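Structural overview for review
Residues per chain, in single letters:
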Amino acid sequence: MKIWLGIFMMALLVCLVVMGLRPAEPVASRFSDTSKVSGTFRGPSFEVEVIRPRSARPLFGILPSRLEAKLLGPDLRFDGDSPGAKTGIAKQDHLELRADSWELSIKADRDGRINVETYLVFPVVLADKERKLRCRPAGPGAGHLRTSKGMSLEETGLDRLDGHFLFELASCVNTATGKTIDWPSSPLIVRGSFWGLPQGHD
């Protein structure tokens, strides 16, 4: 019995090492296009999700999702139905989305490539304590912002903006102390989509 237990533990250890050393996939290939179809939604809305890397998840992410959620806390996401949700600037190269404890500002160049002024403020549980972080990309080009012109809002006469985004966050600061923290060990992935946002609204 002890021999079989030892073999099982060794096999599990090898699996964990292999998964931990697996090279990261390119950002663009990790997720499917999250854009929405124009005209299928009556009002402006959005959704944003933060994906933890395997190295920042218990046992490199091999645990069942329910158990992992209990260990890590609530999902790192917010949308148009979250408390305090509102939109700010919505342009082809600048997007702002907010909710209670969340603030996202995306800035991109004319080709839609994310620049270093992009940031995300969000709450996360680390070492059994909730902290509020402000994270930025490691450098330019670590993701993209794609926009398209949606249907006009007839009641206001404003054009609206649809689109999606996907980018990496590599460095984080604790907003309470202003100090850089040693987390995450590899970049977080932020993805989301939006539709019906009044273009240029602030």
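Here's what I pulled together on the structure shown here. A quick note: this is a predicted structure, and the numbers were derived from the prediction, not measured.

Once that is clear, we can look at the sheet that holds strand β4 (residues 94-99). If you trace the 6 strands from one edge of the open sheet to the other, you get β3-β4-β5-β6-β7-β10, paired in antiparallel fashion. Two strands close off the open sheet at either side, each with one partner strand: β3 (86-90) and β10 (171-174). Neighbour to neighbour, the strand axes of the sheet diverge by 25° on average, direction disregarded. Inspection of the sheet shows strand β6 (residues 119-126) paired to strand β7 (residues 129-136) by 7 bridges, in the antiparallel sense. Across the sheet, V121 pairs through a bridge with R134, a residue of β7.

With that out of the way, let us pick up the state of the cysteines. By definition, a disulfide links the sulfur atoms of two cysteine residues through a covalent bond. According to the stated counting rule, one finds 1 disulfide in the structure shown. Between the sulfur atoms of C135 and its disulfide mate C172 the distance is 2.0 Å. One disulfide, between C135 and C172, carries an S-S torsion of 110° and so falls in the right-handed class. With C135 in strand β7 and C172 in strand β10, this pair connects stretches of sequence that are 37 residues apart. Of the residues examined, C135 reaches a relative accessible area of 0% and is grouped as buried. The exposure class assigned to C172 is buried, which follows from its relative accessible area of 0%.

Soluble globular proteins tend to bury their nonpolar side chains together. Formed by 31 residues in total, the largest nonpolar core has its most connected members in L95, L97, L104, F122 and F165. Mapped by element, the contributors of at least two residues to this core are β1 (45-51), β4, β5 (102-107), β6, β7, β9 (160-169) and β11 (188-198). Dropping the residues within four chain positions of it, L97 is found in contact with F46, V48, F78, K86, T87, E103, L104, F165 and L197.

The next thing to look at is the pattern of salt bridges. Summed over the entire model, instances satisfying the criterion amount to 7 salt bridges. For E96, the salt bridge is made with R98, and the minimal N-O distance between the two is 2.9 Å. Here E96 falls in the buried class, since its relative accessible area comes to 12%. Exposure remark for R98: the relative accessible area of 25% places this residue in the partly exposed category.

Turning next to the packing of aromatic side chains. A complete count under the given rule lists 5 aromatic pairs for this structure. Pairing F165 with F167 gives two aromatic rings, centres 6.1 Å apart and planes at 40°, and the pair type is tilted. Here F165 falls in the buried class, since its relative accessible area comes to 1%. In this structure, R134 is placed above the aromatic ring of Y119, and the distance from its NZ or CZ to the ring centre is 3.9 Å.

Let us look at the environment of F194. As for its position among the elements, F194 is in strand β11. You can call F194 buried: its relative accessible area is 0%. The residues touching F194, leaving out its near neighbours within four places in the chain, are S45, F46, L95, L145, R146, T147, L161, D162, G163, H164 and F165.

Conventions used here
- Residues numbered from 1 in each chain as written.
- Predicted model: local features only at pLDDT ≥ 70, side-chain atom pairs only at ≥ 80, totals over all residues.
- Heavy atoms only, no water.
- Pairing = 2+ DSSP bridges.
- Helix = DSSP H or I, 4+ residues; strand = E, 2+ residues; numbered from the N terminus.
- Axes fitted to C-alpha atoms, helices over the stretch in contact; angles between N-to-C directions.
- Disulfide = S-S within 2.5 Å.
- Buried < 20%, exposed > 50% of the residue type's maximum accessible area, 1.4 Å probe, protein only.
- Core = buried A, V, L, I, M, F, W, Y, C linked by side-chain atoms within 4.5 Å.
- Contact = heavy atoms within 4.5 Å.
- Salt bridge = Lys/Arg side-chain N within 4 Å of Asp/Glu carboxyl O.
- Phe/Tyr/Trp six-rings, centres within 6.5 Å; stacked < 30°, edge-to-face > 60°.
- Lys NZ or Arg CZ within 6 Å of the ring centre and 35° of its normal.

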